[in-house]
Each structure stands twice: as structure tokens, then as C-alpha cells.
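Analysis of the macromolecular model
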Amino acid sequence: MPRPLSGRAPLDELTTALRRVAAAKAALELEVFTQIANDNRSLPAFCRATGLSERAARLLLDALANMGLLVRTEFEYTLAPTAETFLVKGKPEYLGDVLVAQWAWDARGQTARAVRGNKPLNAWLELNRNLPRAPQTWYDPHAAQAEFGAVWEQIEFEFAPNAPLNVIAFGIEAGLRALGLLQKFTRAKLTVLDHAAQFARLRPLAEALQLQKRVVEQTGEWLGPLPEDTYDVAVVDTLTETRSIEENIGILHNAHEALKMGGWILLRAAMEEDDRRGPGLVPLWALDLLLSTVDADVYTRTEYRGMLEAAGFFEVRPVGERLNLWTARRLPPPPPPPPVADVAPDFIPDPIVFS
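Residues numbered from 1 in each chain as written. Predicted model: local features only at pLDDT ≥ 70, side-chain atom pairs only at ≥ 80, totals over all residues. Heavy atoms only, no water.

Once that is clear, we can look at the overall build of the protein. Helix and strand counts for the protein stand at 15 helices and nine strands. Looking at the protein as a whole, 39% of its 355 residues qualify as buried. The contacts of the protein with a sequence gap of at least 6 include a subset with a gap of at least 24, amounting to 68%. (Helix = DSSP H or I, 4+ residues; strand = E, 2+ residues; numbered from the N terminus. Buried < 20%, exposed > 50% of the residue type's maximum accessible area, 1.4 Å probe, protein only. Contact = heavy atoms within 4.5 Å.)

Have a look at this one:
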């Protein structure tokens, strides 16, 4: 009897996804969406502009229409909203170069080699060195900042609304989210620590929110010396995902020493469940780490708790139900136990004597 073929749906979905990516990658490399945006909407006009044969062009355009990236009528093809916004060269939101780099066949196709050797791939490292810098819409700063509006309300800070807080953000992602603190505490100031090239991602949003006068850009390394006992809040976002546990403890300890006594840290990262079964696509993201780093890993929530405690923090806890977000505080260590001589001895009853 032939074996039933039920249960193969996940494999069919993988094959379909591969075909879709192949079609979209070809369209970006051939500048299909840009040509159609330049009024080459009919098949003959498109072929004159691109030099493609009508048969080949029709097959590709029909596939893109089937995917929802183009809209086909009887006589022409037009851009669907997603393609019009993100896939037309020259627009500020253009993502085509970034997508082509992310869909890196040659580099990702060597994943087995990376697993076998347990070391990064030169092809992947070269890809990331040359990865086009994404526009703001690839990593939407407004969404990042808006998302954290609720987070800052959820954390029960002990600061007065007009407190002149000093906040430090480790990295641009942390800085984007920390802007919400400046809106919540109107006398707060924010120092963002990162490489100089990254600050262009932060400035437009700070200016749009009229917060630029309260934001200080500081170029430097996250393990570099910082002024001690200076900041009320430290924000660390995503950078721990690509570093070893030892490096992360060093970064978190650097934040710890920069905080005032009683200060808070907020840590955000992709964290796995302790059984390493998720959540979501975190295990898949971990393969990118294997391709690009020597000893970094995707860490579990328990491991992140351990890193924070090893860095000197107390009161380590998640933010509500958001288990990829943890807060902790710099607090004095608990008093040592009393000397043994001062401890009252346990009561030992007299032995029972049987006659």
C-alpha cells in the first residue's frame, strides 16, 4: 500500500516561499518595479525599456502579480502599494538593495558548512560588511518609539514626573526607545552611546519629537570607561544578542557602575524559552549568528537573568508579560549574615529516658 502524503504541508510551504523569493529577487535585480513606476506599464513598453523578451517578461510579471506585488489588468501592469512604497529605486523608503543582500543564496547556502565547522563563513562576513544601510523604514524608528510608550508606563519607576533624570542608551536601538522616557519625564536628558555612523538613524526622530536639545550623541565602545554613579536609567537593546556571555556581563557591569545607587536598567533582546523551543522565529535567527559570529549565541531568559545578576544587579524581573524585556536595579548588597557566635542555638529538647 502506498504511504499517505498527509503532513507534508510545511515542506510545500518552504518550496513555495523559495519560489516567491526567487521571483522577487529577480525582479529587484532587473529593476522591474522601477521600470513600471516610470510608466512602462504595458508589456510591449516594458520590454522596450528593459530589452527583455515578451515571453520571459510576461512570465515574471504574471508571477509577481500572483504574489500581490503587481496588479494586472487586461492591458497593463501597475504597482501594488507595497511595491510602490518599498521597491522603487530613488524613493527614500526603497528597500530593494537590503532585501537582495538579505536573500543571499551563496552565503546562506553554506549553512551546513558553518554548522559542521562551528565557525563563521567568510561569504557571510563579506556580505554583512557590504550590506547596504537600510533606510529608516526598514527599521521604523517611529514604531520602535511608539511601542515603548506602553513599556515606560508599565515600569513602576520611583521618580517624580519633573525629576531631572540622566538616561544612557547603549546603542541606537536603545536610544530610539529611550526617547519615550524623555516624553514621560520632561526634564530628562539622554546620552546615546554608539559608533558615529549610527546617529543619522536617531536624529530625524529626535527632531520630529522636538527632543534634540535633550539628546547627547557620544561616540565610543560599550565596554569603554563611563562616568560612575551618574545615570538614573540605562537602556541596553539587542547588542547582547551577538556577543558572548562574558562580554555581555562586562557591558552590563559597565552600565551597573555608571548608574546611581537605586538606578534602573532595561534590557531588551531576543530570548529563548529555557527549553529552547522558541518563541517565534528566535531559533531561526540563531542560525544567522552561527554564520556571522565566533562564539555568540541566542541566550535563554534564565541565562539573561544570570548575566544581570553577575553584573551586580538586584530585583531582576520581566516587564509584565513581555518576557523579552527585563528590568533590574543597582542596589546595595544585602547585609551579611550575623556572626555564628551571635546566632541563637536551635532548641534541643532533653532526651527522653526510658526506665
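Following the structure, the description resumes.
With seven of seven residues buried, strand 6 (residues 231-237) is to be regarded as a mostly interior element. Across four bridges, strand 3 (residues 166-170) lies against strand 6 in parallel orientation. Within the sheet, the bridge partner assigned to Ile-168 lies in strand 6 and is Ala-234. Once you follow strand 6 into helix 13 (residues 245-258) and on to strand 7 (residues 259-268), the crossover reads as right-handed. (Pairing = 2+ DSSP bridges. Right-handed = clockwise from strand over helix to strand, strands pointing away.)

To continue, consider the pairing of strand 3. Across the five residues that make up strand 3, a large majority, four, are buried. Following the backbone out of strand 3, through helix 11 (residues 172-184) and into the adjacent parallel strand 4 (residues 189-194), one traces a crossover that is right-handed.

The next subject is helix 3 (residues 43-50). Regarding helix 3, the residues found buried are Leu-43, Ala-45, Phe-46 and Cys-47. Check the buried side of helix 3 and you find it contacts helix 2 (32-37) and helix 4 (54-67). The backbone nitrogen of Ala-45 has a side-chain oxygen 3.2 Å away, supplied by the residue at the start of helix 3, namely Ser-42. In the stretch just after helix 3, Gly-51 is the one whose phi turns positive, near 80°. (Polar contact = N/O pair within 3.5 Å; in protein donor to acceptor, adjacent residues only side chain to side chain.)

Before going further, it helps to examine the side chain of Asp-232. The residue Asp-232 is located in strand 6 in this model. The exposure class of Asp-232 is buried, given its relative accessible area of 10%. Dropping the residues within four chain positions of it, Asp-232 is found in contact with Phe-159, Pro-164, Leu-165, Asn-166, Leu-259, Lys-260, Gly-263 and Trp-264.

Next up on the list: the packing of helix 13 against helix 15 (residues 301-310). Their axes nearest at 8 Å, the elements helix 13 and helix 15 cross at an angle of 50°. Considering the angle they form, helix 13 stands oblique to helix 15. Viewed along their axes, helix 13 and helix 15 form a crossing whose handedness is right-handed. Of the residues in helix 15, those in contact with Ile-245, Asn-248, Ile-249 and Leu-252 of helix 13 are Glu-303, Met-307, Leu-308 and Ala-310. Here the contact of helix 13 with helix 15 is built from residues that sort into six nonpolar, one polar and one charged. (Axes fitted to C-alpha atoms, helices over the stretch in contact; angles between N-to-C directions. Parallel < 35°, antiparallel > 145°, perpendicular 65-115°, else oblique. Left-handed = near helix turned anticlockwise from the far one by under 90°. Nonpolar A, V, L, I, M, F, W, Y, C, P; charged D, E, K, R; others polar.)

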